[in-house]
Amino acid sequence: MGINGLEPQNPPMILIVDDTPINLQVLSGLLLEENYEIIASTSGKEALLLLDTILPDIILLDVVMPDMDGFEVCERVKAFPKTADIPIIFLTAKTESEAVIKGFEIGAVDYVTKPFNSPELLARVRTHLELKRARDIQKELIQKLREKTEETARASEIV
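## Description of the sheet that holds strand β2 (residues 37-41)
Stage number 1. The parallel open sheet is built from 5 strands, whose spatial order is β2-β1-β3-β4-β5. Only two strands of the sheet have a single neighbouring strand rather than two, namely β2 and β5 (110-113). The mean inter-strand angle of the sheet, taken between neighbouring strand axes irrespective of direction, is 20°.
Stage number 2. Running at roughly 165° to β5, helix α5 (residues 118-158) makes contact with β1 (13-17), β3 (58-61), β4 (88-92) and β5 of the sheet.

Given below as structure tokens:
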């Protein structure tokens, strides 16, 4: 057990979804330097299959991909309770304001255009990981409080 009875934190896992191998390589290298665990996928369909077995802490998602674009992937991720809380950052060359607005409307937490500024991208990833960690801790504490309240209620019924 960690601080406040919570489990210790593992290195954050980041799922990168991009159909361009060089983009995956550059992003993976950048994020590995920050000690993040990286899972890479070259398609939206593959990414959705991966989400059946892994739950990353954040997803970096390209928009323009063959077969299934990033918007559809995002909508599917947000549609399932198991994955709905995973923050998604769109990382794409699509710069039109309509695309940016659509990205936020369907559930992305951020939208970064390519070519990206590495320190800025790392700061955004770090910020969204910290926010997710805070939400996860809050959920754990609320669950523990509910359990303690129920336990106290049962104990008072016995007396």
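## Some details on the environment of isoleucine 89
Stage number 1. By the element assignment, isoleucine 89 lies in strand β4.
Stage number 2. Take isoleucine 89: its relative accessible area is 0%, and that puts it in the buried class.
Stage number 3. Once the C-alpha coordinates of isoleucine 89 and glutamate 120 are considered, the two residues, 31 residues apart in sequence, prove to be 13 Å apart.
Stage number 4. Every residue in contact with isoleucine 89, bar those within four places of it in the chain, is listed here: Ile58, Ile59, Leu60, Leu61, Val109, Asp110, Val112, Arg124, Val125 and His128.

## A short note on the packing of helix α1 (residues 21-32) against α5
Stage number 1. Axis separation between α1 and α5 bottoms out at 11 Å; the angle between their running directions is 65°. Seen from above, α1 lies across α5 with right-handed handedness. Contact residues: Leu27, Leu30 and Leu31 in α1; Ser118, Leu121 and Leu122 in α5.
Stage number 2. Counted by class, the contact of α1 with α5 contains 5 nonpolar, 1 polar and no charged residues.

## Remarks on the nonpolar core
Stage number 1. Val17, Leu51, Ile59, Leu61, Val73, Val77 and Phe90 are the most contacted members of the largest nonpolar core, which has 21 residues in total.
Stage number 2. The greatest single-element share of this core, amounting to 4 residues, is contributed by helix α3 (residues 70-79).
Stage number 3. In contact with valine 77, other than residues within four places in its own chain, are Leu48, Leu51, Ile59, Thr83, Ala84 and Ile88.
Stage number 4. The next biggest cluster of nonpolar side chains, apart from the first, holds 17 residues, and it includes Ile16, Leu27, Leu121 and Leu129.

## What about unusual backbone geometry?
Stage number 1. Along the chain, lysine 114 connects to proline 115 via a cis peptide bond; the corresponding omega equals -5°.
Stage number 2. Considering the arrangement of structural elements, one finds proline 115 in the loop between β5 and α5.
Stage number 3. With a phi angle near 70°, aspartate 67 is a residue other than glycine that sits in the positive phi range.
Stage number 4. Here aspartate 67 shows up in the loop between β3 and α3.
Stage number 5. Overall, aspartate 67 belongs to the exposed group, its relative accessible area being 69%.

About the thresholds
- The numbers attached to residues start from 1 for each chain and follow its sequence in the written order.
- Only residues with pLDDT of 70 or above have their local features reported here, since the model is predicted, and side-chain atom pairs are shown and tallied only from 80 upward, although totals for entire chains, interfaces and linings are computed over all residues.
- Think of the side-chain values as coming from all heavy atoms in the structure, minus any hydrogens and water.
- At least two bridges found by DSSP between two strands are what make those strands a pair.
- Secondary structure elements are taken from DSSP: a helix is a run of H or I of four residues or more, a strand is a run of E of two residues or more, and numbering for both begins at the N terminus.
- Fitting a line to C-alpha atoms yields each axis, with helices limited to the stretch in contact; the angle taken between N-to-C directions then spans 0 to 180 degrees.
- Whether two residues are in contact is decided by their heavy atoms, any of which lying within 4.5 Å being enough.
- In this scheme, a residue with accessible area under 20% of its type's maximum is buried, one over 50% is exposed, and one in between is partly exposed, where area comes from a 1.4 Å probe on protein chains only.
- For any helix crossing, the convention is left-handed if the near helix is rotated counterclockwise from the far helix by under a right angle, and right-handed if that rotation is clockwise.
- Each residue gets one label: Ala, Val, Leu, Ile, Met, Phe, Trp, Tyr, Cys and Pro are nonpolar, Asp, Glu, Lys and Arg are charged, and the others, such as Gly, are polar.
- Think of a nonpolar core as a cluster: buried Ala, Val, Leu, Ile, Met, Phe, Trp, Tyr and Cys residues, connected wherever their side-chain atoms sit within 4.5 Å.

In short, geometric facts, not functional conclusions.
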